[in-house]
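Take a look at the letters that make up each chain.
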Amino acid sequence: MTKQADVVVIGGGITGTAILHELAKYNLRAVLVEQEPELAAGTTKANSAILHAGFDAPTGSMKARMNAAGNAMYHELKDELDLDIRWSGSYVAALDDEQMDVLKELLERGNANGVPGLKIVSGDEMRKEEPNVSKDIKGALWAPTAGICWPFGLALAFAENAVINGAEVIRECQVTGITVEDGAVKAVETDKGTIETKYVINAAGVHVDEISRLAGDDTFKIHPRRGEYILFDKTAQKDLVYSPIFPTPTKMGKGILVCATTHGNVFVGPNAQDMPDEEKDDTAVTIPGMDDILDKARRLVPNIPVGATITEFAGVRAVSSTGDFILGPSEKTKGLIQAAGIQSPGLTSAPAIAKYLVDGIVAETGATAKTDYKKGRPAQPCFRMMAEADQKALIAKDPRYGRVICRCETITEGEIVDAIHRPVGARTVDGVKRRTRAGMGRCQGGFCGPRVTQILSRELNIPVTEVRKEMRNSYMFYNKESGGKA
Amino acid sequence: MGEQLYDIIIVGGGPAGLSAAYSAWQNGAKKILVLERDREAGGILQQCIHNGFGLHHFKEELTGPGYAQRCYDLVKDKPEIEILVDTMVLSVNLDKTVTAVSPAHGLMKVQGKTIILTMGCRERTRGAIRIPGYRPAGVFTAGAAQRMVNMEGYLPGKKIVILGSGDIGLIMARRMTLEGCKVQAVLEICPFSNGLTRNMVQCLYDYDIPLYLSHTITAIHGKDRVNGITAAKVDDHMKPIPGTEFDIDCDTLLLSVGLIPENELSRGLGLAMHPLTNGPIVDQHRETSIPGIFAAGNVVHVHDLVDFVSEEAEIAGKYAALKAQEQLPEDVADVKVEAIDEVRTCVPQHVRATAEGETIRLFMRVRKPMKKVRLTVKSGDDTLLTKVLPVAKPSEMIAVNVPAEKAKGHHADWTVSVKEEA
């Protein structure tokens, strides 16, 4: 395969997909390459899912600028792209006078960063809204513009909109080299062939420094920092917290928070474990890590429903050697645009980063806006959230919406089939899970996993033995004929 | 179907639901509806193709599907009993309406005079027991793997480690071996096995599959697909002992680490639940805390034998039928049944003195394996029953009858005790 593009985006996480969404508004041939079968398979799938208000980062930093701008953009994008976001606000809780002083600093910094509506409330005021938090909390910083979101849903929505506007997403496509001639990008080499392009936007998450080196820029390094989480069943303590509750931050980061997903599952995490540089994909969870998370979470909310644990997971954040986001054209290689060091608040910043970088390319190339740009994306039916009359009508149109495949989350066959055939549709069991919630419930796919596998096999016209869990080689089942002869 | 009034609506068409339907029919119920979410009735038995079922209930050794067929044969072709498959119940309401959905009938609302909940149980997952490591493909609950092997015709892997010596894990150890796979080890965190003795012998010992008691998994290896696990010995508090770790090569990890009654609908109804059984609190008729709503089988407490499930469901079916026909007296003395000493759980948790002259059957599980124990049922200071049992194990349910003449008139709370004999 040899392809021509104007811009190649490397990496299909929240940053890459937001960039593709922005590029698709212009008359530019945009291609996104992702090494795994699914988008949002790296840091985007394992983070705190919070749209931060923007008071954490030092005033004037890229993080501060992009955070405040990104948060404001999501307030617009929520309806436009039908994003799963709950504008919950957030608290930073202080347990002593020293921490109360830190809250004042955060308030001042937030005001300087342009974050609207920040205020410090007393512990009692906070407990009126969040009755389950610790009696030891003396006060909290309330940030009304913070929200929680469904992070993979955001990335997929960006990608879906981009694709219906002519952008291309190539999955299972690993970058093997970047051709640079006379100090300028000429092509991206992949295991699926060459893509000739003048621009490469490097949004490769924890691997962004390796991609940069392939293009001749070794001016920064990425250090992996792992964060573990514990997720609880939504039937347990579902009203435990409404808003994310952070501890007072320290030098190590924002600390271990207690939060509920947009679907009502309480979760706690993350810790911050600095990993060896070669362990960028180490998303293993550990017993000491989980014990530590629970211990710290209980200081904020004593009654954590440990018995209702349904899963533990870990994500790796890309910490840059500069400590800030590294955004914009490489100083070494023309046409290489960096979106590097995207750790928190990267999820919140993604649309702002996208606009910042794409504006730069548009200014340089003079690319014109598409006159036929389509806003939004195809509606995604969600049976369990529908009114009864709508449920009846949907089943009458397509009886597969009457067959419940995931019992824990009430997800129908119709929704799963839709997830597979949507733009940038699901190819794997976890891909179905992140688009529909099938398998996200308390049985964690015990019942529906085999059925979802068979639906994928049927709809993608591949053998069951070629259906994967998520990653490139994560095959699930073997044929009996070959079984056991090894 | 549609706007009709049913005597009984049964949620779940496994052995409990089918047995309850038959018993309700025998006891005069005229309109019975069974709602089953799978493509056929029979529940989890459909994938349990091994034998060993039915020795108590049908006095004959049957396979799982064979047992299910027997249950089904008793209810099929009866005009009073309607069975809808591929039908998922979305909610059960206090007014005894049930909302369900199926591809064939769409969204439906049906009304019952009584309801019997027979949803069964599900398997505890990896997340619930906190196994550290990666989350690759190749980690399955034993039941999910069983369905793939026995019903869909695929293998979950070729080189297997099984965590937990519950019955499904033991059965799968043998099943995978017979499919030509290599079962590397069965690990059990307790110092004793959690399966039936016959399964230990027939599924592990007969195939020389190593069983490691007091062991657990401290890491799962492999990012895309499992490529090994690390095992370690545990101390008396079930914590891994540092230095005892060893690696086992495998491509698949099957989990058989416990079953949890599936009570989402019960919780939605607000039924009083028991913290140890994880099921609704029931009386001897298997009526829950909400009058007219009954529950039976694994949804009430996890059974060891399907025969006992059928037995319990027949009780629920009978009394739900009597209730629907307004033949079950109300407002009678209510006596608590409390599990004490080495009894962990006992069902029923209370007895209503409705029909003086009923034999009261008690199902219980003990906390630890013991030899030569005394089981005693008392009402206040009066002993209703006492007997010595040669062995008692957590994995095997103990069932005893308190005879009608003993149960009669004992309105002080009951205690059920098992103690080791000195």
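Residues numbered from 1 in each chain as written. Chains lettered and ligands numbered in written order. Predicted model: local features only at pLDDT ≥ 70, side-chain atom pairs only at ≥ 80, totals over all residues.

Trainee: What's the story with the overall build of chain B in this structure? I'm lost.
Mentor: Secondary structure summary: chain B contains nine helices and 28 strands in total. Over its C-alpha atoms chain B spans a radius of gyration of 22 Å, differing by no more than 12% from the 22 Å that the globule rule assigns to 422 residues. Viewed in the frame of its principal axes, chain B has a C-alpha envelope of about 65 × 60 × 40 Å. The buried share of chain B, reckoned over its 422 residues, is 53%. Partitioning the contacts of chain B with sequence separation of at least 6, the portion at a separation of at least 24 is 65%. (Helix = DSSP H or I, 4+ residues; strand = E, 2+ residues; numbered from the N terminus. Rg over C-alpha atoms; globule rule 2.2 N^0.38 Å. Buried ≥ 20, exposed ≤ 12 C-beta atoms within 10 Å, placed from the backbone. Contact = placed C-beta atoms within 7 Å.)

Trainee: Looking at this structure, how should I read the overall build of chain A?
Mentor: On a plain count of helices and strands, chain A comes out with twelve helices and 25 strands. What you see for chain A is a C-alpha radius of gyration of 22 Å, in line with the 23 Å of a compact globule of 486 residues. A principal-axis box enclosing the C-alpha atoms of chain A has dimensions of 65 × 55 × 50 Å. Per-residue burial for chain A yields a buried fraction of 58% across its 486 residues. For chain A, restricting intrachain contacts to residue pairs at least 6 apart in sequence, the fraction spanning at least 24 positions comes to 73%.

Trainee: In this structure, what is going on with the sheet that holds strand S14 (residues 211–213) of chain B? I would like to understand it.
Mentor: All names here are of chain B. Across the sheet, which stays open at both edges, the five strands sit in the order S10-S18-S12-S13-S14 with parallel pairing between neighbours. Looking at the sheet topology across the chains shown, the edges are occupied by strand S10 (139–141) and S14. Across the sheet, the mean angle from the axis of one strand to that of its neighbour is 20°, orientation sign disregarded. Bridge count for strand S12 (residues 159–163) against strand S13 (residues 182–188) is five bridges, and the pairing is parallel. Along S13, the bridge assignment pairs Val161 with Ala185. Sheet strands touched by helix H4 (residues 142–152): S10, S12 and strand S18 (252–255). Its angle to S10, the strand with the most contacts, is close to 90°. Along the sheet, helix H5 (residues 167–178) makes contact with S12, S13 and S18, crossing S13 at roughly 170°. (Pairing = 2+ DSSP bridges. Axes fitted to C-alpha atoms, helices over the stretch in contact; angles between N-to-C directions.)

Trainee: In this structure, what is going on with unusual backbone geometry? I would like to understand it.
Mentor: One can expect most non-glycine residues to show negative phi and most peptide bonds to be in trans. Between A:Gly269 and A:Pro270 the backbone carries a cis peptide bond, its omega angle lying at -5°. Within the fold, A:Pro270 resides in the loop between strand S18 (266–269) and strand S19 (273–274). Following A:Ser344, the chain continues into A:Pro345 via a peptide bond in cis, with omega recorded as 5°. Mapped onto the fold, A:Pro345 is located in the loop between strand S22 (336–340) and helix H8 (346–365). Backbone geometry places A:Gln444, a non-glycine residue, at a positive phi of 50°. Turning to its location among the elements, A:Gln444 is positioned in the loop between helix H11 (429–436) and helix H12 (448–460). Positive phi, normally seen in glycine, also occurs at B:Asp77, with a value near 60°. Following the sequence through the fold, B:Asp77 ends up in the loop between helix H2 (64–75) and strand S5 (81–84).

Trainee: Before we go on, may I ask you to explain the interface of chain B and chain A in this structure?
Mentor: One widely used convention gives an interface's size as the accessible area the parts lose upon coming together. The interface of chain B with chain A comprises 41 residues on the first partner and 50 residues on the second. Those elements that place two or more of their residues in the side of chain B that touches chain A are strand S6 (88–92), strand S7 (97–102), strand S8 (106–117), strand S9 (121–123), helix H3 (126–129), H4, strand S11 (154–155) and helix H7 (264–269) of chain B. Counting residues per element, the side of chain B that touches chain A draws most heavily on H4(B), which supplies five residues. Looking at the side of chain B that touches chain A, its residues break down into 16 nonpolar, ten polar and 15 charged. In this sheet, S11(B) lies alongside strand S25 (residues 478–479) of chain A in antiparallel orientation, the contact comprising two bridges. Counterpart to A:Tyr478 in the pairing with S11(B) is B:Leu155. (Nonpolar A, V, L, I, M, F, W, Y, C, P; charged D, E, K, R; others polar.)

Trainee: Quick question: what am I supposed to make of the domain arrangement of chain A here?
Mentor: Segmentation of chain A into domains returns domain 1 (90–145 + 223–320) and domain 2 (383–466). Centre-to-centre, using C-alpha coordinates, domain 1 of chain A lies 32 Å away from domain 2 of chain A. (Domains from an automatic or database assignment.)

Trainee: For this particular structure, what's the right way to read the domain arrangement of chain B?
Mentor: Residues and elements named next belong to chain B. With domains assigned, chain B is organised as domain 1 (1–123 + 259–328), domain 2 (125–257) and domain 3 (331–422). Here the C-alpha centre of domain 3 lies 35 Å away from the C-alpha centre of domain 2. Listed per partner, the contact involves five residues of domain 2 and four residues of domain 3. When grouped by side-chain class, the residues that make up the side of domain 2 that touches domain 3 number two nonpolar, three polar and no charged.

Trainee: Any chance you could explain the packing of helix H1 (residues 14–23) of chain A against H8(A) here in plain terms?
Mentor: Any two packed helices are characterised by the angle at which their axes cross and by the distance between the axes. Residues and elements named next belong to chain A. At a minimum axis separation of 8 Å, H1 and H8 run at an interaxial angle of 40°. With respect to H8, the axis of H1 lies oblique. Here the hand of the crossing between H1 and H8 comes out right-handed. Residues Ile14, Thr15, Ala18, Ile19, His21, Glu22 and Leu23 of H1 form the contact with H8, whose participating residues are Gly346, Leu347, Ala350, Pro351, Ile353, Ala354, Lys355, Leu357 and Val358. Partitioning the contact of H1 with H8 into residue classes produces eleven nonpolar, three polar and two charged. (Parallel < 35°, antiparallel > 145°, perpendicular 65-115°, else oblique. Left-handed = near helix turned anticlockwise from the far one by under 90°.)

Trainee: In this structure, what is going on with the environment of B:Gln202? I would like to understand it.
Mentor: One can find B:Gln202 in helix H6 (residues 197–204). As a C-alpha pair, B:Gln202 and B:Ile171 span 31 residues in sequence and 8.7 Å in three-dimensional space.

Trainee: Hey, could you run me through the sheet that holds strand S24 (residues 360–366) of chain B in this one?
Mentor: Note on sheets: strands pair through backbone hydrogen bonds, and any given pair is parallel or antiparallel. Residue and element names in this part refer to chain B. Strand order in the open sheet made by the three strands is S22-S24-S27, with antiparallel pairing throughout. Each edge of the open sheet carries a strand with a single partner, namely strand S22 (343–347) and strand S27 (398–402). Neighbour to neighbour, the strand axes of the sheet diverge by 30° on average, direction disregarded. Inspection of the sheet shows S24 paired to S27 by five bridges, in the antiparallel sense. Paired with Arg361 across the bridge in S27 is Asn401.

Trainee: I would appreciate a short explanation of the packing of helix H2 (residues 62–80) of chain A against H8(A) in the present structure.
Mentor: All names here are of chain A. In the contact formed by H2 and H8, the axes pass within 7 Å of each other and the chain directions differ by 90°. Classed by the angle they form, the pair H2 and H8 counts as roughly perpendicular. In this structure, H2 contributes Met66, Asn67, Ala69, Gly70, Asn71, Met73, Tyr74 and Leu77 to the contact, and H8 contributes Thr348, Ser349, Ala350, Pro351, Ala352 and Ile353. Considering only residue class, the contact of H2 with H8 consists of nine nonpolar, five polar and no charged.

Trainee: It is not clear to me how H8(A) should be interpreted in this structure. Could you clarify?
Mentor: Note that an α-helix has 3.6 residues per turn; residues three or four places apart therefore point the same way. Residue and element names in this part refer to chain A. Compared with the 28 Å implied by 1.5 Å per residue over 20 residues, the 27 Å span of H8 between its first and last C-alpha is a close match. Extensive coverage of H8 is indicated by the burial of 14 of its 20 residues. Note on H8: the residue one or two positions beyond its end, Gly366, has a positive phi of about 70°. (Expected span 1.5 Å × (residues − 1).)

Trainee: What is the right way to look at H12(A) in this model?
Mentor: A rise of 1.5 Å per residue sets the reference length of H12(A), with its 13 residues, at 18 Å; its end C-alpha atoms lie 18 Å apart and thus fit the reference within 8%. Burial in H12(A) covers these residues: A:Cys448, A:Gly449, A:Pro450, A:Val452, A:Thr453, A:Ile455 and A:Leu456. The secondary structure elements touched by the buried residues of H12(A) are strand S23 (404–406), helix H10 (413–421) and H11 of chain A together with H4 of chain B.

Trainee: What is the right way to read the pairing of strand S11 (residues 175–181) of chain A from this model?
Mentor: Working note: regular strand, side chains alternate between the two faces of the sheet. All names here are of chain A. In terms of strand pairing, S11 meets strand S12 (residues 184–190) through six bridges, oriented antiparallel. In the strand pairing of S12, Val180 is matched with Val185. What sits between the antiparallel neighbours S11 and S12 is a turn of two residues, in which Asp182 has the positive phi angle 50°.

Trainee: Looking at this structure, I do not really get the confidence of the model for chain A. What am I missing?
Mentor: The predicted coordinates of low-pLDDT regions are not to be read in fine detail. In this model, chain A carries an average pLDDT of 94, and 98% of its residues clear a pLDDT of 70 or more. Below a pLDDT of 50 lies the segment residues 482–486 of chain A, which in the model reaches twelve contacts outside its immediate sequence neighbourhood of four places, other chains included. (pLDDT = per-residue confidence, 0-100.)

Trainee: Got a minute to help me understand the environment of A:Pro305 in this structure?
Mentor: All names here are of chain A. Topologically, Pro305 is positioned in the loop between helix H7 (287–300) and strand S20 (309–320). For Pro305, a count of 15 C-beta atoms within 10 Å corresponds to the partly exposed category. Residues Pro305 and Val266, 39 residues apart in the sequence, show an inter-C-alpha distance of 8.5 Å.

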